[in-house]
Amino acid sequence: MPTVLITGANRGLGLEFCRQYAGKDWDVIACCRNPAQAGELSVLRQHHNKIQVEALDVAHFDQIDTLSKKLSGLGIDILINNAGVYDDNRNNSFGQLDYQTWSHSLLINTQAPMKMAEAFLPQLKRGSKKLVVNISSLMGSLADNNSGGSIMYRSSKAALNAAMLSLSIDLKGQGIGVLIFHPGWVQTDMGGANALIDSKTSVSGMCEVIEQFTSAQSGAFVKYDGKTMPW
Ligand code: NAP
């Protein structure tokens, strides 16, 4: 069975990715910061013994390297860079920006996904699907930004898009694909209760797009339903 590695797997979209891939009988490597407090993931694991939970705070690149070493013999079909933060708030906007917090947004949303791709390249090469999936956002779209604000989040996701488009070109010769998703506005802790869709709808859409993926699509920025997003 194929293998998927998911970051931020304890709640929200990451947990739903675990649920859906485990439901298809895939081997799931579910990474989260604090497995002891990942209650819903533990319950899911009781029903799916092919879920392997690994502690990983993506802010700590030494942890990423250590996990890659631990999993060095493995093939990974799909790496899903899902972990993300929304650090903007009313007290942290233009005029009173906290630049350390902005650096944190860039670390988690932009740099960590690239570090994951670097660290797990050997495992991806050994997998069959050979795909790096990134959960970006419509808010990373420059063309769509008509309302301003969210300077940290927008810039970190726009930078993720730019970096992953480059990676798709750089890895083409090695047969590794890259996909960039807008998951929709989803009912999670980040999206809030008023969001338009639930995580099941978002993730089942993205899984479908992933299943249909061909190398010609590498570097594409698409919505959860497969529609092309404006850069
Ligand atoms: P969420 O419910 O807030 O979950 C965020 C996940 O990221 C949690 O598992 C969290 O773990 C993890 N995370 C944060 N910092 C981490 C770190 N340093 N190391 C490891 N994991 C870390 O958000 P979500 O809605 O599921 O978001 C998933 C992805 O979708 C994010 O990249 C987000 O930007 C993107 N997105 C979401 C929406 C939406 O409407 N929901 C829209 C566009 C894009 P902890 O529990 O340990 O904090």
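Residues numbered from 1 in each chain as written. Predicted model: local features only at pLDDT ≥ 70, side-chain atom pairs only at ≥ 80, totals over all residues. Heavy atoms only, no water.

Chemist: Looking at this model, I keep getting lost on the site of the ligand. Mind explaining?
Modeler: Neighbouring the ligand are 28 residues, the closest being N10, R11, R33, Y153 and T188. For the ligand, a nitrogen atom lies 2.8 Å from a polar atom in the side chain of D57. Within the contact set of the ligand, an oxygen atom lies 2.6 Å away from a side-chain nitrogen or oxygen of Y153. Coverage of the ligand by the protein chains reaches 93% of its 900 Å² of free accessible surface. (Near = heavy atom within 4 Å. Polar contact = N/O pair within 3.5 Å; in protein donor to acceptor, adjacent residues only side chain to side chain. Areas by Shrake-Rupley, 256 points an atom, 1.4 Å probe, with all protein chains shown as cover.)

Chemist: Please explain the packing of helix α1 (residues 12-23) against helix α2 (residues 39-47) as it appears in this structure.
Modeler: When two helices pack together, you describe them by how their axes are tilted relative to each other and by the distance separating the axes. Between α1 and α2, the least distance of the axes is 11 Å, while the angle of their chain directions is 0°. When the axes of α1 and α2 are compared, the pair comes out roughly parallel. Here α1 contributes L15, C18 and R19 to the contact with α2, which in turn contributes E40, L41 and L44. Class assignment of the residues belonging to the contact of α1 with α2 gives a composition of 4 nonpolar, no polar and 2 charged. (Axes fitted to C-alpha atoms, helices over the stretch in contact; angles between N-to-C directions. Helix = DSSP H or I, 4+ residues; strand = E, 2+ residues; numbered from the N terminus. Parallel < 35°, antiparallel > 145°, perpendicular 65-115°, else oblique. Contact = heavy atoms within 4.5 Å. Nonpolar A, V, L, I, M, F, W, Y, C, P; charged D, E, K, R; others polar.)

Chemist: Please clarify how the sheet that holds strand β2 (residues 27-32) should be interpreted in this entry.
Modeler: Through backbone hydrogen bonds, the strands of a sheet pair up, either in parallel or in antiparallel fashion. Reading across from one edge, β3-β2-β1-β4-β5-β6-β7 is the order of the 7 strands in this open sheet, with parallel pairing throughout. What marks the edges here is a single partner per strand, and that holds for β3 (51-55) and β7 (220-223). Taking the axes of each pair of neighbouring strands and ignoring which way they run, one obtains an average angle of 20° across the sheet. One ladder, built from 3 bridges, connects strand β1 (residues 3-6) with strand β4 (residues 78-81); its direction is parallel. Pairing of V4 across the sheet is with I78, part of β4. Contacts between helix α4 (residues 99-119) and the sheet are confined to β1, β4 and β5 (131-135), with β4 contributing the most and set at about 165° to the helix. Running over the sheet, helix α6 (residues 151-170) touches β4, β5, β6 (177-182) and β7 and is turned about 160° from β6. (Pairing = 2+ DSSP bridges.)

Chemist: Honestly, a nonpolar patch on the surface in this entry has me stumped. Any pointers?
Modeler: Taken together, the side chains of L165, I169 and W231 make up a nonpolar region of the molecular surface, amounting to roughly 290 Å² of accessible area. One can find L165 in helix α6. By relative accessible area, which is 33% here, L165 ends up partly exposed. (Patch = residues over 30% accessible without salt bridge, like charges linked within 9 Å, V, L, I, M, F, W, Y side chains within 5 Å. Salt bridge = Lys/Arg side-chain N within 4 Å of Asp/Glu carboxyl O. Buried < 20%, exposed > 50% of the residue type's maximum accessible area, 1.4 Å probe, protein only.)

Chemist: So what exactly am I meant to see when it comes to unusual backbone geometry here?
Modeler: Across residues other than glycine, the phi torsion is negative in most instances, and most of the peptide bonds are trans. Not every positive phi belongs to a glycine, and D25 is a case in point at roughly 70°. Checked against the element boundaries, D25 lands in the loop between α1 and β2. For D25, a relative accessible area of 39% translates into the label partly exposed. The backbone phi angle of S150 is positive, close to 45°, even though this residue is not glycine. Looking at the secondary structure, you find S150 in the loop between β5 and α6. Judged by its relative accessible area of 16%, S150 falls in the buried class.

Chemist: It is not clear to me how the packing of helix α3 (residues 61-70) against α4 should be interpreted in this structure. Could you clarify?
Modeler: In the contact formed by α3 and α4, the axes pass within 10 Å of each other and the chain directions differ by 25°. Relative to α4, the element α3 lies roughly parallel. Like other packed secondary-structure pairs, α3 and α4 cross with a definite hand, here right-handed. Packed against α3, whose contacting residues are F61, I64, D65 and S68, the element α4 presents L107, Q111, A112, K115, M116 and A119 at the interface. Residues belonging to the contact of α3 with α4 are distributed by class as follows: 6 nonpolar, 2 polar and 2 charged. (Left-handed = near helix turned anticlockwise from the far one by under 90°.)

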